[in-house]
Amino acid sequence: MKKTNAMRILDSKKINYNEIEYDASSGISALDVAKSTGEDPSRIYKTLVTVSREKEHFVFVVPAEKELDLKKAASAAGTKNIEMIPQKELLPLTGYVHGGCSPVGMKKEFKTFLDSSASGKDYIFISGGKIGVQIKINPDDLVNAIDCKYCEISKDKD
């Protein structure tokens, strides 16, 4: 497999991970990835990019079966209000496409927050930086690799 930018960065920081390929033909959502890989959805994390009223961008990484709680996320980011960025802005802003957005290796480093549900797990899956590829990584290693922090930022889906 050709290395993605996310993998090259993890390699350069000597962080252990496994790359997992999956069949994306049945869908690219985090829940689709869980089905395709046979993994517990609580271990599959999706990367969400937001913007504040002040036009500052933040990245949040939450479990597949949950959704981002925008109020908790804004509080964690230290701002009053955030919203999801329009999908068409994702590639120019991050260098990643929808369904292949990794919290590692974006064009620019943004403040990043990992849902506290990942803390204490031996591994989680995040996007490998392209559709069809996941990275299996220890969440503490992820936090150290991209200088992010654990926060309670998710809620059950409505």
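Residues numbered from 1 in each chain as written. Predicted model: local features only at pLDDT ≥ 70, side-chain atom pairs only at ≥ 80, totals over all residues. Heavy atoms only, no water.

For the rest of this paragraph, the subject is the UniProt feature "domain: YbaK/aminoacyl-tRNA synthetase-associated" (unreviewed entry) in the chain. UniProt records the feature "domain: YbaK/aminoacyl-tRNA synthetase-associated" (unreviewed entry) for residues 31-143 in the present numbering. From the first C-alpha to the last, residues 31-143 spans 23 Å; its make-up is 22% helix and 31% strand. (UniProt positions renumbered as here; feature names shortened; annotations may be inferred. Helix = DSSP H or I, 4+ residues; strand = E, 2+ residues; numbered from the N terminus.)

Moving on, we come to the environment of Thr79. Within the secondary structure layout, Thr79 lies in the loop between helix H3 (70-77) and strand S5 (82-84). According to the relative accessible area criterion, Thr79 is buried, its value standing at 16%. Residues Thr79 and Ser52 lie 27 residues apart in sequence; the distance between their C-alpha atoms is 7.1 Å. Beyond its immediate sequence surroundings of up to four residues, Thr79 is in contact with Ser52, Glu54, Phe58 and Ala74. (Buried < 20%, exposed > 50% of the residue type's maximum accessible area, 1.4 Å probe, protein only. Contact = heavy atoms within 4.5 Å.)

For Lys14, which is not glycine, the phi dihedral falls at a positive 55 degrees. Among the structural elements, Lys14 can be located in the loop between helix H1 (5-12) and strand S1 (18-21). The class for Lys14 is exposed, based on a relative accessible area of 73%. Even without being glycine, Asp147 reaches a positive phi, approximately 55 degrees. Relative to the elements of secondary structure, Asp147 occurs in the loop between helix H5 (139-146) and strand S9 (149-151).

A few words on the packing of aromatic side chains. Under the counting rule described, the total for this entry stands at two aromatic pairs. Aromatic pair Phe60 and Phe113: ring centres 5.2 Å apart, planes at 15 degrees, arrangement stacked. Residue Phe60 is located in strand S3 (residues 57-63), and its partner Phe113 is located in strand S6 (residues 111-115); the two are separated by 53 residues in the primary sequence. Exposure class is identical for Phe60 and Phe113. Each is buried. Across the ring face of Tyr123, the terminal group of Lys136 is positioned such that the distance to the ring centre comes to 4.2 Å. (Phe/Tyr/Trp six-rings, centres within 6.5 Å; stacked < 30°, edge-to-face > 60°. Lys NZ or Arg CZ within 6 Å of the ring centre and 35° of its normal.)

On to the side chain of Thr94, then. Position of Thr94 among the secondary structure elements: in helix H4 (residues 90-94). Within the structure, Thr94 has its side chain in polar contact with the backbone nitrogen of Tyr96 (distance 3.0 Å). In contact with Thr94, not counting residues within four places along its chain, are Val49, Cys101, Gly105, Met106 and Lys107. (Polar contact = N/O pair within 3.5 Å; in protein donor to acceptor, adjacent residues only side chain to side chain.)

Attention now moves to the nonpolar core. Leu10, Leu114, Ile124, Ile126, Ile135, Ile137 and Leu142 are the most contacted members of the largest nonpolar core, which totals 29 residues. Secondary structure elements with two or more residues in this core: H1, strand S2 (45-52), S3, strand S7 (124-127), strand S8 (133-137) and H5. At four residues, the largest contribution of residues to this core is made by H5. Within the second largest apolar cluster, 13 residues are counted, among which are Leu68, Ala74, Ala77 and Cys151. (Core = buried A, V, L, I, M, F, W, Y, C linked by side-chain atoms within 4.5 Å.)

With that out of the way, let us pick up the environment of Asp122. As for its position among the elements, Asp122 is in the loop between S6 and S7. Accessibility expressed as a relative area gives 49% for Asp122, which makes it partly exposed. Remark: the alpha-carbon pair of Asp122 and Leu48, spanning 74 residues in sequence, is separated by 22 Å. Those residues within four positions of Asp122 in sequence are excluded, and the remaining contacts are Arg43, Ile137, Asn138 and Pro139. A polar contact of 3.0 Å, which involves the side chain of Asp122, links it to the side chain of Arg43.

The final tally for this structure, using the stated rule, is seven salt bridges. For the salt bridge of Asp11 with Lys3, the shortest nitrogen-to-oxygen distance reads 3.2 Å. For Asp11, a relative accessible area of 34% translates into the label partly exposed. Its relative accessible area of 34% is what places Lys3 among the partly exposed residues. Several salt bridges converge on common partners, so that one network encompasses Lys3, Asp11 and Glu19. (Salt bridge = Lys/Arg side-chain N within 4 Å of Asp/Glu carboxyl O.)

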